[in-house]
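The chain contents come next:
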Amino acid sequence: MGQGTVTGSERYNWFDGTIGIENTALYEGLVYVEKYRTVNDRTKFLDSPDFLPGAVTYYGQPYYGLELKYNVHDDQLLLRAVDKVGGGTIQLFKEGVTGFQLGKRTFTRLDNNMSVVLGVTGYFEVKMKNGFFDYYTKHQKKVFKRKDRNLLYHEFVDDKQVHLLFYNDKFHRLNGKKDLVTIFPDLQTEIDAFYRVAKSLRNEDYDGFMLSLMNRVQLELENKTIKQ
């Protein structure tokens, strides 16, 4: 970036700082009230129960330099309010969120007709976007009640993730190898081979397995395009 160049995020940050970010549409939301007591690191939040650096596009306006956290269990995006308005936590209206960044992760909200037909909507992590397909993962957590003497609390554990593929202008839900072979019948040999050699990874880290598999599919599609 050259000297004197102003980036898009810097321009928006300047604008928000001038009028006061608390006076923007970003602060149109609900006051968040925690419903569950937790006593360990098994919380409803992604990565950490603490606020993480992030950005969001809210009602068409991008905001940067925020402190956010993602409540996976309830599929809610939470914003830390600035001290001048009393601090606290704001739950952003989901219909206003186009997408957001949380740490190094990028998310988008899917609720169009194609994803509704598959029975999955809400916030999805963008795992891959290339010239062939878009690959998304929806994180999910389930809750359990626990009791320790007279203390009632809750623990949240990772539930089975939802994997979506957007290919040829259509969303596909990936529940297993059969779905992937149906989408890419010309790659059945390569897909079968990957399932065999990466069996241990599939058992230990299914999310990592799926990401590696989709990288392999992308590579095979690139090779076939070159040969044509």
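I will try to describe carefully the structure that is included in this document.

Per the secondary structure count, the protein chain includes six helices and 13 strands. Counting over 228 residues, the protein chain shows a buried share of 42%. Once local pairs closer than 6 in sequence are excluded, the contacts in the protein chain between residues at least 24 apart make up 55%. Here the protein chain has roughly 13,300 Å² of accessible surface; of this, 48% comes from carbon and sulfur atoms.

A separate point is the sheet that holds strand S8 (residues 122-129). Strands sit in the order S1-S5-S4-S3-S2-S6-S7-S8-S9-S12-S13 across an open sheet of eleven strands; the sheet is antiparallel. Two strands close off the open sheet at either side, each with one partner strand: strand S1 (29-31) and strand S13 (170-173). In this sheet, neighbouring strand axes are inclined to one another by 40° on average, regardless of whether the strands run parallel or antiparallel. Bridging between strand S7 (residues 105-110) and S8 involves four bridges; their strand directions are antiparallel. Within S8, the position partnered with Leu110 by the bridge is Gly122. Relative to the sheet, helix H6 (residues 206-227) contacts S8, strand S9 (134-138) and strand S12 (162-167), its axis offset from that of S8 by approximately 45°.

Another point: the side chain of Ser48. Checked against the element boundaries, Ser48 lands in the loop between S1 and strand S2 (52-58). At 3.0 Å, the side chain of Ser48 forms a polar contact with the backbone nitrogen of Asp50.

Okay, the pairing of strand S5 (residues 89-92) next. Residue alternation in S5 divides its side chains into two sets, Thr89 and Gln91 and Ile90 and Leu92, and both sets are buried. By the bridge criterion, three bridges tie S1 to S5 in an arrangement that is antiparallel. Within S5, the position partnered with Leu30 by the bridge is Gln91. As defined by bridge partners, strand S4 (residues 76-80) adjoins S5 across three bridges and the pair is classed as antiparallel. Within S5, the position partnered with Leu79 by the bridge is Ile90.

A few words on unusual backbone geometry. Of note in the backbone geometry, Asp47 takes a positive phi value of approximately 70° without being a glycine. Tracing the chain through its elements places Asp47 in the loop between S1 and S2. In this structure, Tyr59 takes a positive phi of about 50° despite not being glycine. Among the secondary structure elements, Tyr59 is positioned in the loop between S2 and strand S3 (61-71). The class of Tyr59 is partly exposed, set by a relative accessible area of 43%.

With that out of the way, let us pick up the pattern of salt bridges. Inspection of the entire model under this criterion finds 15 salt bridges. Measuring nitrogen to oxygen at the nearest pair gives 3.3 Å for the salt bridge that ties Glu155 to Arg42. In this pair, Glu155 is assigned in strand S11 (residues 151-158) and Arg42 in the loop between S1 and S2, connecting sequence segments 113 residues apart. You can call Glu155 buried: its relative accessible area is 8%. Close ionic contact of Asp74 with Lys44 constitutes a salt bridge, the shortest N to O distance being 3.6 Å. One end of the pair, Asp74, is in the loop between S3 and S4; the other, Lys44, is in the loop between S1 and S2, and 30 residues separate them in sequence. One salt-bridge network, held together by shared partners, links Asp47, Arg105, Glu125, Lys127 and Asp207.

In this section: H6. Helix length check: H6, at 22 residues, gives a terminal C-alpha distance of 32 Å against a target of 32 Å (1.5 Å per residue), a fit within 8%. Every buried residue belonging to H6 is among Asp207, Gly208, Phe209, Met210, Leu213, Met214, Val217, Gln218, Glu220 and Leu221, and all of these are buried. For H6, the elements touching its buried residues are S8, S9, S12, helix H3 (177-183), helix H4 (188-197) and helix H5 (199-204).

This next bit is on the packing of aromatic side chains. Scanning the model with the defined rule gives 14 aromatic pairs in all. Consider the rings of Phe166 and Phe171, whose centres lie 4.8 Å apart with planes at 50°: the pair is tilted. Look at Phe171 and you get buried, because its relative accessible area is 7%. Cluster of aromatic residues (ring-pair linked, three or more members): Tyr70, Phe100, Phe107 and Tyr123. The lysine or arginine in question, Lys94, covers the ring of Tyr123, its NZ or CZ lying 5.5 Å from the ring centre.

How each quantity is defined
- Residues numbered from 1 in each chain as written.
- Predicted model: local features only at pLDDT ≥ 70, side-chain atom pairs only at ≥ 80, totals over all residues.
- Heavy atoms only, no water.
- Helix = DSSP H or I, 4+ residues; strand = E, 2+ residues; numbered from the N terminus.
- Buried < 20%, exposed > 50% of the residue type's maximum accessible area, 1.4 Å probe, protein only.
- Contact = heavy atoms within 4.5 Å.
- Areas by Shrake-Rupley, 256 points an atom, 1.4 Å probe, with all protein chains shown as cover.
- Pairing = 2+ DSSP bridges.
- Axes fitted to C-alpha atoms, helices over the stretch in contact; angles between N-to-C directions.
- Polar contact = N/O pair within 3.5 Å; in protein donor to acceptor, adjacent residues only side chain to side chain.
- Salt bridge = Lys/Arg side-chain N within 4 Å of Asp/Glu carboxyl O.
- Expected span 1.5 Å × (residues − 1).
- Phe/Tyr/Trp six-rings, centres within 6.5 Å; stacked < 30°, edge-to-face > 60°.
- Lys NZ or Arg CZ within 6 Å of the ring centre and 35° of its normal.

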